[in-house]
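A structural walkthrough
Here's the letter readout for the chains.
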Amino acid sequence: MVNTAADRKVTMSITLLRILIGWHFLYEGVTKLYNPEWTSFGYLASAQGPLKPVFFMLAQEPMLQWVDVLNMVALLIVGITLLLGIFEKKGALVGIGLLSLYYLAHPSLPGVHQINVEGNYWIVNKNLIELVACILLYNFPTGQFFGLAYFRKGRLTKTQQ
């Protein structure tokens, strides 16, 4: 329960972070779902770092079809759970898994040539930052304050009285 003004500010900030990350994942999933040309082939085939052979294997048929579908479904699950504030711990875990894979496919490590990325990074990149934010969301779920979990929680307590 939020008690102080400082607690409310922190809760509101984490809730806003949850909603924005949820929107980001949902938008990424929807755009991939409705784009028949989209495939993860380029991202996987251009993977760098020590796990390059694993990602290259995933870029081959028939694995690629499964990877594309699983990626879209996972993006949608994370987006929906975080945006709506329900089952957000599960959504955050899926997000952590996805972002870990994205980071490992194109790690911003010293000595690793970076291709197919949006910027110049050294160790820390946007995937790693969003991954850590998902860890925060896992540890501090806010759906019971602002989200569908609030209504679900209220319904459960009303039926138990």
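Calculation notes
- Residues numbered from 1 in each chain as written.
- Predicted model: local features only at pLDDT ≥ 70, side-chain atom pairs only at ≥ 80, totals over all residues.
- Heavy atoms only, no water.
- Helix = DSSP H or I, 4+ residues; strand = E, 2+ residues; numbered from the N terminus.
- Buried < 20%, exposed > 50% of the residue type's maximum accessible area, 1.4 Å probe, protein only.
- pLDDT = per-residue confidence, 0-100.
- Contact = heavy atoms within 4.5 Å.
- Expected span 1.5 Å × (residues − 1).

**Topic: unusual backbone geometry**
Here E61 and P62 are connected by a cis peptide whose omega angle stands at 0°. Mapped onto the fold, P62 is located in the loop between helix 3 (52–58) and helix 4 (63–84). Phi angles above zero are rare outside glycine, and F87 is one such case at about 50°. Notably, I123 is not glycine yet its phi reads approximately 70°, a positive angle. By the element assignment, I123 lies in the loop between helix 5 (88–105) and helix 6 (126–139). In this structure I123 comes out as partly exposed when scored by relative accessible area, which is 33%.

**Looking at the confidence of the model for the chain**
Within the chain, residue pLDDT values average 89, and 91% of them lie at 70 or more. Confidence, expressed as mean pLDDT per element, reaches its minimum in the chain at helix 7 (residues 148–160) with 62 and its maximum at helix 4 with 97. Contacts of residues 156–161 to residues separated by more than four positions or lying in other chains number zero contacts, the stretch itself having pLDDT below 50.

**Considering helix 1 (residues 5–33)**
In a regular helix each residue adds 1.5 Å, so 29 residues correspond to 42 Å; helix 1 covers 41 Å between its end C-alpha atoms and thus fits that length. Along helix 1, the residues classified as buried are T11, I14, T15, R18, I21, G22, F25, L26, G29 and K32.

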